[in-house]
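# Close look at the chain arrangement
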Amino acid sequence: MATGTNIKTYFEGQWHDGDAAIIRAADHGAWLGSSVFDGARYFEGVAPDLEAHCARVNRSAEALMITPTMEASAMVEAAREGLAMYAPDATVYIRPMYWALDGGDLGVDPKPGATGFCLCLEEIPMAPATAATTLTTTRFRRPVMEDAVVNAKAGCLYPNNARMLIEARNKGYGNALVADALGNVAETATANIFMVRDGEVFTPVPNGTFLAGITRARHMKNLRDNGYKVHEQVLSFDDFRTADEVFMSGNMMKVTPVSEFDGTHYQHGPLTKQVREMYWDWAQSERAA
């Protein structure tokens, strides 16, 4: 079952209405999980950082040893063609995907040059600006490069995220604040994480255990351009317990305020609100440029 509604699928050079069947039972991606994807957003007539997301799915494919078959610019062109089929006020999730079709001699490694590609568009609403979530800890951690392909946005990584999320929800929380292999904060189960203390912004330093997101980078640039100090550094769970504000950053919802972490409560503070406003202002300025 799909997450969104009003789905359109670009596959083998054509647009199809609905959740089209695109993968076969013996495809390497179905059998051994060799799939990568990325996600961009279309809302209020803009698709911020669309080309950056399309470029990243090609890097993810290469990291998973899948041969990319489309230039980022061609993906952007196809996405804009598909978006033209939606109402001007639609809110759409844009998901380019690759998967390996065949395996090598033993079947385990993807065969070079044998690649499936599709682009899926789904209407998925953006959360209201005031929609906050809560966080708790989880016993599951982010893997390292020696254990998993953490430098790709790969489908095979997401069962680990899913068990983090389910554990958190079973404890009565909305999401999990997740540690890296050394026990420092990495991100949440579904998004990058920021905290605010004394008017300055902090986020975990990228250490190879999580993807430092495109939206994360955009928030950091917007903040610095507006005179705020932003620190990438090692952060502990205790750091988050002493924060004034905490918010999540991800492509799906852009900015999600956090109201609680394991009994520590936060305001939906002024800087979190401003981060969202700065993002929306930047996105609309891109359309006008």
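Residues numbered from 1 in each chain as written. Predicted model: local features only at pLDDT ≥ 70, side-chain atom pairs only at ≥ 80, totals over all residues. Heavy atoms only, no water.

### Notes on the nonpolar core
By size, the foremost hydrophobic cluster in this structure holds 33 residues, and its most contacted members are Val36, Leu50, Ile94, Tyr98 and Leu119. When residues of this core are traced back to their parent elements, those giving at least two are β4 (40-42), α2 (50-63), α3 (72-83), β5 (92-100) and β6 (115-123). Per-element accounting of this core gives the leading share, six residues, to α3. Leu50 has contacts with Ala40, Val76, Ala79, Arg80 and Ile94, leaving out every residue within four places of it along the chain. With 17 residues, the next largest nonpolar core counts Leu177, Ala191, Phe237 and Ala243 among its residues. (Core = buried A, V, L, I, M, F, W, Y, C linked by side-chain atoms within 4.5 Å. Buried < 20%, exposed > 50% of the residue type's maximum accessible area, 1.4 Å probe, protein only. Helix = DSSP H or I, 4+ residues; strand = E, 2+ residues; numbered from the N terminus. Contact = heavy atoms within 4.5 Å.)

### Here's the deal with the side chain of Arg41
If you trace the backbone, Arg41 turns up in strand β4. We note that Arg41 is buried and unpaired, the nearest opposite charge coming from Glu123 at a distance of 8.6 Å. Within the structure, the side chain of Arg41 is placed 2.6 Å from the backbone oxygen of Ile124, a separation counted as a polar contact. At a separation of 3.2 Å, a polar atom in the side chain of Arg41 contacts the main-chain carbonyl oxygen of Pro125. (Lys, Arg positive; Asp, Glu negative; His and termini not counted. Salt bridge = Lys/Arg side-chain N within 4 Å of Asp/Glu carboxyl O. Polar contact = N/O pair within 3.5 Å; in protein donor to acceptor, adjacent residues only side chain to side chain.)

### Some remarks on the pairing of strand β13 (residues 245-250)
For β13, the buried fraction is high: six of the six residues fall into the buried class. The side-chain alternation of β13 yields two buried faces, one formed by Glu245, Phe247 and Ser249 and the other by Val246, Met248 and Gly250. Sheet topology places strand β10 (residues 192-197) next to β13; five bridges connect them, and they run antiparallel. Counted as the bridge partner of Asn192 is Ser249 from β13. Pairing analysis gives five bridges linking β13 to strand β14 (residues 254-261), with the strands arranged antiparallel. Note on β14: the bridge partner recorded for Val246 is Val258. Between β13 and β14, which pair antiparallel one after the other, the connecting turn spans three residues. (Pairing = 2+ DSSP bridges.)

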